[in-house]
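# Structural overview
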Amino acid sequence: MKPTNPVFTGIDTTVFETMSRLAMAHGAVNLGQGFPDVDGPEDIRRVAAEALVEGPNQYPPMLGLPALRQAVADANKRFYGLNVDPQSEVMVTSGATEALADCLIALVSPGDEVVLIEPLYDCYLPIVKQAGGIPVRVRVTPPDWSMNEDALRAAFSERTKAILINNPMNPTAKVFSERELQLIADLCIEHDVYAICDEVYEHLVFDGAQHRPLMTFDGMRERAVRIGSAGKTFSLTGWKVGYVTGPAGLMDPISKAHQWLTFTTPPNLQKAVAYGLGRDDSYFAGLTQDLMSKRDRMAAGLAGLGFSVLPCAATYFLTCDIGGLGLGRTDVEACETLVTQAGVAAVPVSAFYGSDAPTDYIRFCFCKQDTVIDEALTRLAAFLTAARAESA
Ligand code: PMP
Ligand code: GLN
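These notes cover the structure that comes with them. (Residues numbered from 1 in each chain as written. Chains lettered and ligands numbered in written order. Predicted model: local features only at pLDDT ≥ 70, side-chain atom pairs only at ≥ 80, totals over all residues. Heavy atoms only, no water.)

## Topic: the layout of surface pockets
Once rolled over the atoms, a probe with the size of a water molecule shows which space is left empty. What counts is decided by this rule: In this analysis, the protein atoms alone were mapped onto a 1 Å grid. Cavities are point sets where a 1.4 Å probe fits without being able to get out; pockets are open sets with protein on both sides within 12 Å along at least five of seven lines; lining residues have an atom within 4 Å of a point. Grid points are joined across faces, edges and corners, and a volume is the space filled by probe spheres set on the points. Here a strand is any run of E in DSSP of at least two residues, a helix any run of H or I of at least four, and the numbering for each starts at the N terminus. Any residue that is not Ala, Val, Leu, Ile, Met, Phe, Trp, Tyr, Cys, Pro, Asp, Glu, Lys or Arg is counted as polar, Gly included; the first ten are nonpolar and the last four charged.
Its volume calculated, the second largest pocket comes out at about 330 Å³. Sort the elements by how many residues they give to the lining of the second largest pocket and helix H11 (residues 281–304) lands first, with 6 residues. Taken together, the residues that form the lining of the second largest pocket break down as 8 nonpolar, 6 polar and 3 charged.

As structure tokens, then:
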């Protein structure tokens, strides 16, 4: 038989699914895949439930319910001062993942180079490749995950069609500095490059910092598209409701990609997300406050156990350097050890690299109930104490 598409044939299952399966098989506390263990606000879920019962439950408009497109445009104004036309500059998708695919296949032609910043979210490489794009990877490096200006500059050329940037960034929990964003904007303008901005963690930014979309930089409004996710903003990851904001000229081909991929997203969920985006500031402040205290709880606990915890400015994730802990030769081995022997699932950070990954880092997800965080820390403590006693 003829070979199937090599982009999808014989490749690994996504690390998030793999670790969640292992966590279940071993009865482990799942700090691997990034999802909150308490569902988002009840009032938002009730709007969805009522809309499901009352209907209509037929195809909503292809670009999304007008109420949600208006809510996304309003949120762009409210949080970032962006003036956005809900008719021509907003599109609703089935999660940020679909939005990423729509943007990449609509903007990238075969042979175009796409700059990616590594570590990268794991769907980026396969989608770029499926679009026929040529990935050009640039690294940010631990412990502060700073960007090397010369390396970024060297990645851009007349062959570059787009840069895909994830800010705030998974798994590093980095928020790009104004300087770094300005550099990216300058390079995009200099080389006539589109920016696809994965900003799903826009509302999970800590310590009083504010997210700043790349789209708000001078000259970027017409060449940037930004992607949000209700899953992250409302702790409802299973809903898979995303949204893209961009200039009408780019939204046109992006919407044509969407029309052949999913066409629409469940109407009741769209109605509820529209309602959610209108919630007052206390909701958004409460979300970050709550996550910050979980971050601090887990970071203190892990540091107390000897993990070297890297700074975390945003997202759901804490990355640790596991060198010297004796958990295994690599991050993958360490995660296997932890899930099978300690009863705690984490994610190896090497999964976020195309090749030549560092192997000293693992990622813990902290959007969990305090009791769950404490249980994970207790299990890790017991495991490490026993392991140290054995090797003494
Ligand atoms: N981008 C990043 C950086 C993510 O971490 C995730 C994980 N949810 C997504 C995109 C996908 O979001 P969604 O679930 O809305 O498809
Ligand atoms: N974004 C989530 C993470 O980084 C996973 C989403 C998924 O499993 N597709 O953990």
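## Thoughts on the site of ligand 2
This is how it is decided: Near is defined per residue: the residue qualifies when any heavy atom it owns lies within 4 Å of the molecule or strand. As used in this structure description, the phrase polar contact means that two N or O atoms lie within 3.5 Å; if the pair is within protein, one of them must be able to donate a hydrogen and the other to accept it, and residues adjacent in sequence are counted only when both atoms belong to side chains. Here the accessible surface of atoms and residues is derived via Shrake-Rupley with a 1.4 Å probe, and residues count as covered only by protein chains that are part of the display.
Taken together, Phe16, Gln33, Gly34, Tyr121, Asn170, Tyr201, Phe317 and Arg363 form the complete shell of residues around ligand 2. The contact in question runs from an oxygen atom of ligand 2 to an N or O atom on the side chain of arginine 363, over 2.6 Å. In isolation ligand 2 offers 300 Å² of accessible surface; the protein chains occlude 80% of this area. Residues belonging to the shell around ligand 2 are distributed by class as follows: 4 nonpolar, 3 polar and 1 charged.

## Observations regarding the site of ligand 1
Close to ligand 1 lie Gly95, Ala96, Thr97, Tyr121, Asn166, Asn170, Asp198, Val200, Tyr201, Ser229, Lys232 and Lys240. Side-chain polar atom of asparagine 170 to an oxygen atom of ligand 1: 2.8 Å apart, as the coordinates give it. For ligand 1, an oxygen atom lies 2.7 Å from a polar atom in the side chain of lysine 240. Calculation on ligand 1 without its partners gives an accessible area of 390 Å², and the protein chains cover 93% of this total. Its residues assigned to classes, the shell around ligand 1 comprises 4 nonpolar, 5 polar and 3 charged.

## Details of the environment of glutamine 369
The line we're drawing: Any two residues whose heavy atoms approach within 4.5 Å are treated as being in contact.
Examined against the element boundaries, glutamine 369 turns out to sit in the loop between strand E14 (361–365) and helix H13 (370–391). Along the backbone, glutamine 369 and aspartate 37 are 332 residues apart, and their C-alpha atoms lie at a distance of 6.7 Å. Setting aside its immediate chain neighbours within four residues, glutamine 369 contacts Asp37, Val38 and Lys294.

Any functional reading would require information that these geometric values do not contain.
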